[in-house]
Amino acid sequence: MTVRVAACGRTDAGRVRSHNEDSFEIDEARELYVVADGMGGHTHGEVASRMAVDTIRRFVAEAERERDTTWPFAYDPGLQRHSNVLKAAVQLAHDQVLSAIRRDGNLFGMGTTVVGCLVRGGTAAVAHVGDSRAYRLHDGRLHLLTQDHTWVNEQVVAGFLSEEQARDHPLKNVVTRALGGDSEVQVDITEVTLEPGDTLLLCSDGLTTMLDDREIEAQLLEVADGELNGACEALVHEANSRGGHDNVTVVLLRAEEDE
Ligand code: CA
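Notes on the structure follow.

**Examining the side chain of Ser23**
Mapped onto the fold, Ser23 is located in strand E2 (residues 22–27). Here the side chain of Ser23 touches Arg50 through a polar contact of 3.4 Å, landing on its backbone nitrogen. Sequence-distant contacts of Ser23, that is, excluding residues within four places in its chain, are made with Val34, Val35, Ala36, Glu46, Ser49, Arg50 and Val53.

**Quick word on the packing of helix H6 (residues 213–222) against helix H7 (residues 228–241)**
In contact at an axis separation of 9 Å, H6 and H7 are set at 145° when each is read in the N-to-C sense. At the point where H6 passes H7, the crossing takes the right-handed sense. Judged by residue contacts, Ile216, Gln219 and Leu220 of H6 engage Ala234, Leu235 and Glu238 from H7.

**Examining the side chain of Thr70**
Its location among the elements puts Thr70 in the loop between helix H1 (44–63) and helix H2 (81–103). Under the relative-accessibility criterion, Thr70 is labelled buried at 4%. Setting aside anything within four residues of it in sequence, one finds Thr70 in contact with Phe59, Tyr75, Asn84, Val85 and Ala88.

**Focus on the nonpolar core**
In this structure, Ile56, Val90, Val114 and Leu179 are the most contacted members of the largest nonpolar core, which totals 24 residues. Put simply, the parts of the chain that give this core at least two residues each are strand E3 (32–39), H1, H2, strand E4 (111–120) and strand E5 (123–129). Ignoring any residue separated from it by four or fewer positions in sequence, one finds Leu179 in contact with Ala52, Val90, Ala93, His94, Val97, Gly111, Thr112, Val114, Val129 and Val185. Tyr135, Cys232, Ala239 and Leu252 belong to the second largest nonpolar core, which has 20 residues in total.

**Describing the pattern of salt bridges**
Applying the stated criterion across every chain yields a total of 18 salt bridges. Among the salt bridges present, the one from Arg10 reaches Glu233, with a minimum N-O distance of 2.7 Å. One end of the pair, Arg10, is in strand E1 (residues 3–12); the other, Glu233, is in helix H7, and 223 residues separate them in sequence. Overall, Glu233 belongs to the partly exposed group, its relative accessible area being 42%.

**Comments concerning the layout of surface pockets**
If you add up the space inside the largest pocket, you get close to 1,000 Å³. Every residue lining the largest pocket is counted, 36 residues in all, and those nearest its centre are Arg133, Asp148, Lys172, Thr208 and Thr209. Elements with a contribution of two residues or more to the lining of the largest pocket: E3, helix H3 (151–157), helix H4 (163–167), helix H5 (205–208) and H6. Across the lining of the largest pocket, the residue classes tally to nine nonpolar, ten polar and 17 charged.

**Here's the deal with the coordination of the calcium ion**
Protein coordination of the calcium ion is provided by Asp37 (OD), Asp37 (OD), Asp205 (OD) and Asp246 (OD), with donor distances spanning 2.3 to 3.1 Å. Residue classification places Asp37 among the buried residues on the basis of a relative accessible area of 9%. Relative accessible area serves as the criterion here: at 7%, Asp205 is assigned to the buried category.

**Here we look at the pairing of E4**
Of all ten residues in E4, nine are buried, a share of seventy percent or more. Bridging between E3 and E4 involves eight bridges; their strand directions are antiparallel. Within E4, the position partnered with Ala36 by the bridge is Val114. With seven bridges connecting them, E4 and E5 associate as antiparallel partners. Following the sheet pairing, Cys117 is matched in E5 by Val126. The antiparallel hairpin formed by E4 and E5 contains two residues in its connecting segment, where Gly121 sits at a positive phi of about 55°.

The rules behind the values
- Residues numbered from 1 in each chain as written.
- Predicted model: local features only at pLDDT ≥ 70, side-chain atom pairs only at ≥ 80, totals over all residues.
- Heavy atoms only, no water.
- Helix = DSSP H or I, 4+ residues; strand = E, 2+ residues; numbered from the N terminus.
- Polar contact = N/O pair within 3.5 Å; in protein donor to acceptor, adjacent residues only side chain to side chain.
- Contact = heavy atoms within 4.5 Å.
- Axes fitted to C-alpha atoms, helices over the stretch in contact; angles between N-to-C directions.
- Left-handed = near helix turned anticlockwise from the far one by under 90°.
- Buried < 20%, exposed > 50% of the residue type's maximum accessible area, 1.4 Å probe, protein only.
- Core = buried A, V, L, I, M, F, W, Y, C linked by side-chain atoms within 4.5 Å.
- Salt bridge = Lys/Arg side-chain N within 4 Å of Asp/Glu carboxyl O.
- 1 Å grid on protein atoms, 1.4 Å probe; cavity = no way out; pocket = protein on both sides within 12 Å on 5 of 7 lines; lining within 4 Å.
- Points joined across faces, edges and corners; volume = space filled by probe spheres on them.
- Nonpolar A, V, L, I, M, F, W, Y, C, P; charged D, E, K, R; others polar.
- Donors = N, O, S within 2.8 Å, 3.2 Å for Na, K, Ca; no water.
- Pairing = 2+ DSSP bridges.

Put into structure tokens, the structure is as follows:
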């Protein structure tokens, strides 16, 4: 059975920040979906997140026409071709952010998280770096597909902090991986077989610091049969109504049976 994907996205500065450092991209023709959450002084976070999103879109577009799809990055035979393409695109985005910093010292300290999804033949390749997340709503339950690259999450995984302690931890915003960070970046890839009715959510931490997983699940179920735009609006509205402490970005994908 083949599936096709419908998608929508929203971004909002929130109720506290004066500008929005998040960026997102929906390229329906290529079935590419990306959310990036920039950081850095002045408006440099916006520069980094936009650069990441644009680089990934360009690389994916070019890879369709090339045979050496991941050059100059390694090809992992354990992953599908489009997963390799997406992974290489994220690695290139990292290199682009680093090069921009090298060219202009004022940009020192800028960086961005990224979570991206590329769909081919009913399989979603999900790539991420940092604390932007991907979730899958399947059979009425929300499942987290990504592990935050944050100091606090690493402590939870290691058993040193509980989920509750992590939620309000003063260091919860410290990411351990970002594009533009260390000279090498490690990109996590997950492959998910989509079934008709599945919904994927890509989001920045402006959503997940305001709503926990069960609350996000409830929001998505409430509008499960409604149109996706309404679900995007509802998630952003909910994050803002709880304080909107950060920029919030959501991209929703719904897999539907392809006739
Ligand atoms: Ca953020």
